[in-house]
Amino acid sequence: MKKISKICCIGAGYVGGPTMSVIALKCPEIQVTVVDLNEKRIAQWNDDNLDNLPIYEPGLKEIVAETRGKNLFFSSDVDKGIDEAEMIFISVNTPTKTYGKGKGQAADLKNIELCARNIAKVAKEDKIVVEKSTLPVRTAETLKSILDNTGKGVKFEILSNPEFLAEGTAIDDLLNADRVLIGGDETPSGQAAKDSLSWVYEHWLPKERILQTNVWSSELSKLVANAFLAQRVSSINSISALCEKTDANVAEVARAIGFDSRIGSKFLNSSVGFGGSCFQKDILNLVYIAKSFGLQEVAEYWEQVIIMNDYQKRRFAENIVSTLYNTVSGKKIVFYGWAFKKDTNDTRESAAIYVADALLEEKAQIVVYDPKVSEETIYADLDYLGTRDPKENRELLQVTKAPIEATKDAHAIAILTEWDEFKTYDWKKIYANMLKPAFVFDGRRLLDKDAMASIGFKFYKIGES
Ligand code: UDX
Ligand code: ADP
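Residues numbered from 1 in each chain as written. Chains lettered and ligands numbered in written order. Predicted model: local features only at pLDDT ≥ 70, side-chain atom pairs only at ≥ 80, totals over all residues. Heavy atoms only, no water.

1. A few points about the site of ligand 1
Here is step 1: Not every one of the 20 residues close to ligand 1 is listed here, only the nearest: Phe-164, Glu-167, Ser-271, Lys-341 and Arg-444.
Here is step 2: The backbone of Asn-269 places a nitrogen or oxygen atom 2.8 Å from a nitrogen atom of ligand 1.
Here is step 3: Contacts to ligand 1 include Phe-340, whose backbone N or O atom sits 2.8 Å from an oxygen atom.
Here is step 4: If ligand 1 stood free it would expose 660 Å²; the protein chains cover 90% of that surface.
Here is step 5: Top element by residues in the shell around ligand 1 is helix H9 (residues 215-245). It accounts for four residues. (Near = heavy atom within 4 Å. Polar contact = N/O pair within 3.5 Å; in protein donor to acceptor, adjacent residues only side chain to side chain. Areas by Shrake-Rupley, 256 points an atom, 1.4 Å probe, with all protein chains shown as cover. Helix = DSSP H or I, 4+ residues; strand = E, 2+ residues; numbered from the N terminus.)

The structure is reproduced here in structure tokens:
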């Protein structure tokens, strides 16, 4: 087993940035270089003001402050990073394909292939290549084929080391990982590569939490873990719809079933729908793989998790329209939150985007406040859907940094992200600002129903009648 002294990570995003920062912190003898084609992103990672880092994660800037310039480097010189490293992580984005075969379901592996070709072109010595991005099963084989056929006789070992960190808690998830999964070939050189990567993680994690498997099991486990987690959210969300029709309370149901140790209490918070870059993409990947092997029933089973999630988002938007007397045209609706969950500035697949889109179709006037998401991102998210002219998005939707003032003459507030600060707002003042009746639609079950009702709000909470 070889001890590693230089690591390069291609992709300075939500996965690469935090993961490499923690490796640099815990392995002071390893030089870690994070490279990215996006020069602006690299400049942000190198900014003297740590509040300008390109991603927001609690605890991240403190780690970057401690390691950057010592053994953690950010650079746009991708080739140099590859050339110098003994171990290369690939952490580039793999969005769902928007064109061609597998459109809307399969992962787009364009960036991965570019990385592989780049590594093959630059590498002069043997390297361990670690796939960190979420990928469809058997991608390692693709990587191997490109590397072995286009390289110059250099030997590559390919490992799968899927990321299980959740945004908003990434640093803690990395420091105290439940498990680390390392998949690789069962040959002597494959085993040595797996042991080298295990050695990196053993700097801070107990050995028994580092699981070694074959490549396919590792790749598939990542998709399955996310599919199971998303399935729990869709399951409880399906029950939330039933609770709203009966006098049951979804939180009480979740608590009651969660006490069963076989079920467990986590990931049973009913919401306006799950978002994030992983859940939907990974399930779509699973569905695509199942279909490609002719496993129709398996594909349909997992597809239902997404159908239920889409239903939940649609249901929330439709409830706003029907409650506001069947029209929201010209009515001011304030959105609290745009990120797909609290403590992140990531908005990928956020429920807020789809709820906004549905309400904009009804000509609502939306004002968005999110403590961490920029105006540029919000408009980009809406424009990407292509539902209407970008100009119209800017006419109908405004972004504000003043959450309380924004409620002046508003008909309704919709809570789309569970940011803690919303709980401490002066809701009496907000009530006074708003037109009456003043409606609040709580898509995150953040606020207390009785307290809101006693102020005078017409208050609707997911999962309660
Ligand atoms: C997820 C996985 O948790 C992580 O292991 C994997 O590496 C990447 O995908 P992430 O997408 O960052 O992480 O966030 P997560 O905390 O899993 O939440 C996903 C979505 O589900 C969010 O929109 C969240 O608000 C929603 N959710 C989660 C619920 O609605 N209810 C819950 O009980 C839990
Ligand atoms: P993730 O959540 O998977 O980390 P991000 O989009 O946050 O996804 O980050 C992925 C990063 O990978 C982006 O900053 C992007 O510029 C970078 N990237 C994509 N393709 C390449 C490539 N071929 N070479 C270098 N960097 C790349």
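Right, picking up where we left off after that structure.
2. Here's the deal with the site of ligand 2
Here is step 1: Of all residues adjacent to ligand 2, which total 16 residues, the nearest are Tyr-14, Val-15, Asp-36, Arg-41 and Arg-348.
Here is step 2: One nitrogen or oxygen atom from the side chain of Asp-36 is found 2.6 Å from an oxygen atom belonging to ligand 2.
Here is step 3: Within the contact set of ligand 2, an oxygen atom lies 2.9 Å away from a side-chain nitrogen or oxygen of Arg-348.
Here is step 4: In isolation ligand 2 offers 580 Å² of accessible surface; the protein chains occlude 87% of this area.
Here is step 5: For the shell around ligand 2, the element with the highest residue contribution is helix H5 (residues 110-122), accounting for three residues.
Here is step 6: Considered class by class, the residues forming the shell around ligand 2 number seven nonpolar, six polar and three charged. (Nonpolar A, V, L, I, M, F, W, Y, C, P; charged D, E, K, R; others polar.)

3. With respect to the pairing of strand S1 (residues 6-10)
Here is step 1: In terms of burial, S1 is a largely internal element, four of the five residues being buried.
Here is step 2: Each parallel crossover has a hand, and for S1 linked through helix H1 (residues 16-26) to strand S2 (residues 31-35) it is right-handed.
Here is step 3: Pairing analysis gives four bridges linking S1 to strand S4 (residues 87-90), with the strands arranged parallel. Looking across to S4, one finds that Ile-7 is bridged to Met-87. (Buried < 20%, exposed > 50% of the residue type's maximum accessible area, 1.4 Å probe, protein only. Right-handed = clockwise from strand over helix to strand, strands pointing away. Pairing = 2+ DSSP bridges.)

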